[in-house]
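So the chains spell out like this:
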Amino acid sequence: MADAPAPAPRRGNPNGTILPLTGNKTRTPPPPRGLDAVFRPRSIAVIGASTRAHSIGGNLLSNLFRSGFTGKIFPINPHASVLHSVKCYPTVGAVPDEVDCAIVSVPKEHVLEVVADCARKGIRGLVVITAGFKEVGAAGAELERRLTELVRRKGMRMIGPNCMGVINAEPEYSMDATFSPTPASYGPLAFASQSGALGVAILNVAQSLKLGFTQFVSMGNKANVSSNDMLTYWEDDPRTRIIALYLESFGNPRRFVEIARRVTKKKPVLVVKSGRTVAGARAASSHTGALAASEVAIDAVLEACGVSRSDTIEELFDLASALASQPLPQGDRVAILTNAGGPAIMATDAVIQQGLRLAELSAGTRRKLAAFLPPEASLGNPVDMIASASDVNYGRAAKILLADRGVDAVLVINVTPVLYGPRTVWDALMAATSGSKKPVLSVFMANEAFYDEARSMPAHPPIYRFPEPAARVLAEMWKIGRWQKKPGGTFRRFRMRSTAIRRILARRKRRGGGYLDPDDAFNLLEAAGVPVARPAYVRREMDLPRRAREVGYPLVLKASGEKIVHKSDVGGVTAGIRDDAELAAAVLRMKTDLARHGALAQLEGFILQREAAGREIVVGATNDPKIGPLVMFGLGGRYVEIFKDVKFVLPPVTREEVLDALSRLKAGVLLSGVRGERPGDREFLVETVLRICQLTADFPDIAEMDVNPLFIAARGRRGVAVDVRVRVSGRDDVSHAG
Ligand code: COA
């Protein structure tokens, strides 16, 4: 599998030839800049290189030698003159040569002075292994602040502190500057891990899967170099084909989204994000806020930027090793090839559950299969060759399935038969399918000896033990392929009455923020260009019949009161009122219901509204303190949180992105018209979502808003918002991360 990418010329060398790193007196490559000073140095100083073999400093030095680093190595230790047969210097300043990068592993009290030495020496890259900074409390945080400030002031780039180090496995560098016991081989994966300890586990798994790296970095406290910087570093690196991140926190999620959106169009970005919430347990009174604070949002954020999220490192590697060795599928039609019925059923279920389809095999394919398979074999999909299936037949059948135009991917299942060992089946399969333009994923349900044997085979495509993870991987690969091909679309800007919007928000802001009164909320929405069924606000009960005749029957009566948030929950909404008598009855009933819910005292008046018709949709927004505006839309009405049939998008978005999200909602299906209904006005909904995106992005003082319900009329007839709530940020709201 994992064909190691072809060596690329060293950076900074315009001729594209690989320059010798040592012993060349005529041409010296220019000093590396930016992150290249860390990952592609010509020389490294290990400060705190220990005389003790089983110390962190000792391991750092021996790993550099073990990996065969192609540049110069300078151990620094005031108490030694030679380490690993190499001259040792008391300080970095005493090194007679240029030094590009320093690995710092001295006790924390000495880190600042050592880094200042490095700056004086002109060192541009730092990897600070030392722990005892932000992660240990206030004093450590202060030390980290001073360290970061020094690094920034001197124009250096620093990985860490509190990290396990970095690896660049590219053959021209072959640099292992970690204290990990497991080395890394060269391959197409770049990995940034926020946890050092997990980093070792990652290197172990990669080694057993024979998956190689361009670079591996343990990020530590991310005081200077962030995961966002790494994403950017790898974005156009031709050798890095897959980027993987283990994240515990997003330093700057908004920036992550911006970068990831771009990078994922070029190569897959896989993320394991521990901790499932973005906004944490923020109290939120809107539907959108409540859903955004839940786990829905982080998935939405990652999905919105085309990132593949895995729940575990194991899942991530399942996917990474397939991506490293297999092409992306061009469609979602899967053919299953098996020698056992039960696992084929499991595979079928898994494929369907993952949103893929079973391929329809062509008549030609069936004919070709029938020519050599026994009459008991099943030639539909799954193709069940029954237990007697030979290694040769596996190879032949897989080839035939791959040649079928209606097949986008093949899932092979082998349960160890009596006659043919899994190894011979595997070999036949590899011989028949390697180099295929369509992905082939294999599930071998074999005994332990086979998996042990697989570990000693040369690099090979992944072997899954069960159908479910293989199906999940195929689905993710299809998602990645679709995302990469999806046209970017165009961003559209709408005319809005910005002055009016600004004035409404400023008025509320002066009063400390909070909910806009209904009139202002409708004015705001209307100023943003969204049609509203303007409510008539009636303070006195006696004025209701007169105003009702002005609004026109049939109408809806709603309770009005700043503290009444979800009106229908307390009996505060009555629809379908056709005349004065029905109105009087509805008022009476509403007051009784409000009293029953203890909300009568909050009743400040009534709202009369022309009754709208169509599909009920919710469009909402919440301004996450770290991410910025998140806009949600989906099935509206009272049961938004129960059905959770919603998608989040992150402004700015294109019409195409909204349409794509809509197509994956049940609300989208409803809008296209079920059981002979006329389809709803999808374009109107998309436009409204885009307008809310623009509104919330342009006016960050909108902390939360819900347009619910937004009635979508039949196609071409647009629709109307009948209720809207808008909360303006106040003193208690945290501002953006920027
Ligand atoms: N310049 C150069 N060398 C120095 C130095 C300086 N200013 N100060 C100390 N040293 C040398 C010491 O002489 C020692 O060498 P020796 O073993 O030959 O005597 C070596 O640096 C290490 O110093 P020592 O005092 O023995 O510390 P240590 O090895 O016990 O611990 C760290 C140093 C950095 C490993 C430790 O402080 C630490 O942070 N450990 C945790 C690291 C970690 O977990 N990181 C995150 C991983 S995910």
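What counts, and where the lines are drawn
Residues numbered from 1 in each chain as written. Predicted model: local features only at pLDDT ≥ 70, side-chain atom pairs only at ≥ 80, totals over all residues. Heavy atoms only, no water. Near = heavy atom within 4 Å. Polar contact = N/O pair within 3.5 Å; in protein donor to acceptor, adjacent residues only side chain to side chain. Areas by Shrake-Rupley, 256 points an atom, 1.4 Å probe, with all protein chains shown as cover. Helix = DSSP H or I, 4+ residues; strand = E, 2+ residues; numbered from the N terminus. Nonpolar A, V, L, I, M, F, W, Y, C, P; charged D, E, K, R; others polar. Pairing = 2+ DSSP bridges. Axes fitted to C-alpha atoms, helices over the stretch in contact; angles between N-to-C directions. Core = buried A, V, L, I, M, F, W, Y, C linked by side-chain atoms within 4.5 Å. Buried < 20%, exposed > 50% of the residue type's maximum accessible area, 1.4 Å probe, protein only. Contact = heavy atoms within 4.5 Å. Left-handed = near helix turned anticlockwise from the far one by under 90°. Parallel < 35°, antiparallel > 145°, perpendicular 65-115°, else oblique. Patch = residues over 30% accessible without salt bridge, like charges linked within 9 Å, V, L, I, M, F, W, Y side chains within 5 Å. Salt bridge = Lys/Arg side-chain N within 4 Å of Asp/Glu carboxyl O. Lys, Arg positive; Asp, Glu negative; His and termini not counted. Charge placed at Lys NZ, Arg CZ, Asp CG, Glu CD. pLDDT = per-residue confidence, 0-100.

**Digging into the site of the ligand**
Around the ligand, 24 residues are found, and the nearest of them are S50, T51, R52, I129 and A131. At 2.9 Å, a backbone N or O of I129 approaches a nitrogen atom of the ligand. A131 is positioned with one of its backbone polar atoms (N or O) 2.8 Å from an oxygen atom of the ligand. Across the complex, the protein chains shield 72% of the 960 Å² of accessible surface that the ligand would expose by itself. A total of three residues in the shell around the ligand trace back to one element, the largest contributor, which is helix α3 (residues 108-121). In terms of residue class, the shell around the ligand is built from 12 nonpolar, 10 polar and two charged.

**Describing the sheet that holds strand β11 (residues 213-218)**
Across the sheet, seven strands lie side by side as β9-β8-β11-β10-β12-β13-β14; this open sheet has mixed pairing. Of all strands in the sheet, those bounded by a partner on one side alone are β9 (175-178) and β14 (308-310). Between one strand axis and the next, the sheet turns through 15° on average, direction left out of account. Of the strand pairs in this sheet, strand β10 (residues 186-193) and β11 are connected by five bridges, and their pairing is parallel.

**Examining the nonpolar core**
In terms of nonpolar packing, the biggest core is built from 59 residues, with M230 and F256 touching the most fellow members. Aside from chain neighbours lying at most four places away, what touches M230 is L35, F39, A192, V217, M219 and V225.

**What about the packing of helix α5 (residues 196-209) against helix α10 (residues 313-325)?**
Relative orientation of the contacting elements α5 and α10 amounts to 40°, with a least axis distance of 11 Å. Between α5 and α10 the crossing geometry is right-handed. Where α5 abuts α10, its residues L198, I202, V205, A206 and L209 lie against I313, F317 and S321. The class makeup of the residues in the contact of α5 with α10 is seven nonpolar, one polar and no charged.

**Some words on the packing of helix α17 (residues 498-510) against helix α18 (residues 518-527)**
Their axes nearest at 9 Å, the elements α17 and α18 cross at an angle of 155°. With respect to α18, the element α17 is oriented roughly antiparallel. Between α17 and α18 the crossing geometry is left-handed. Contacts between α17 and α18 involve A500, I501, I504, L505 and R507 from the first element and D520, N523, L524 and A527 from the second.

**So, unusual backbone geometry**
That bond from N381 to P382 is cis: its omega, 5°, falls within 30 degrees of zero. Among the structural elements, P382 can be located in the loop between α12 (363-370) and β17 (383-384). Cis geometry is found at the peptide bond from N708 to P709, where omega equals 0°. By the element assignment, P709 lies in strand β29 (residues 702-712). A positive phi angle, near 65°, is found at N162, a position not held by glycine. Mapped onto the elements of the fold, N162 is located in the loop between β7 (157-159) and β8 (165-168). In this structure, K222 takes a positive phi of about 50° despite not being glycine. Relative to the elements of secondary structure, K222 occurs in the loop between β11 and α6 (227-235). The class of K222 is buried, set by a relative accessible area of 16%.

**So, the side chain of N168**
If you trace the backbone, N168 turns up in strand β8. A distance of 2.8 Å separates a polar atom in the side chain of N168 from the backbone oxygen of F39. There is a polar contact of 3.2 Å between the side chain of N168 and the side chain of Q215. Not counting residues up to four positions away in its chain, the partners in contact with N168 are F39, R40, Y173, S174, M175, T214 and Q215.

**Describing α6**
The α-helix winds at 3.6 residues per turn, so residues separated by three or four positions along the chain end up facing the same way. By the criterion of burial, α6 is predominantly enclosed, with seven of the nine residues buried. Residues of α6 that are buried sit in contact with α1 (36-39), β10, β11, β12 (242-247), α7 (253-263) and β13 (269-273).

**Here we look at the environment of V301**
Here V301 lies in helix α9 (residues 295-304). On the basis of relative accessibility, which here comes to 2%, the residue V301 falls in the buried class. It is 33 Å that separates the C-alpha atoms of V301 and S180, two residues lying 121 residues apart in sequence. Residues in contact with V301, not counting those within four places in the same chain, are V257, I627, L630 and L650.

**As for a positive patch on the surface**
Taken together, the side chains of R678, R682, R715 and R717 present a region of like positive charge at the surface. Residue placement: R678 occurs in the loop between α23 (666-671) and α24 (682-698). R678 sits in the exposed class, given a relative accessible area of 54%.

**Thoughts on the confidence of the model for the protein**
Across the protein, the average pLDDT comes to 89, with 92% of residues at 70 or higher. Segment residues 6-26: pLDDT under 50, and 33 contacts once partners within four positions in sequence are set aside and those in other chains are kept. Low pLDDT, under 50, characterises residues 276-284; the stretch is placed with 21 contacts to residues that sit more than four places away or in other chains.

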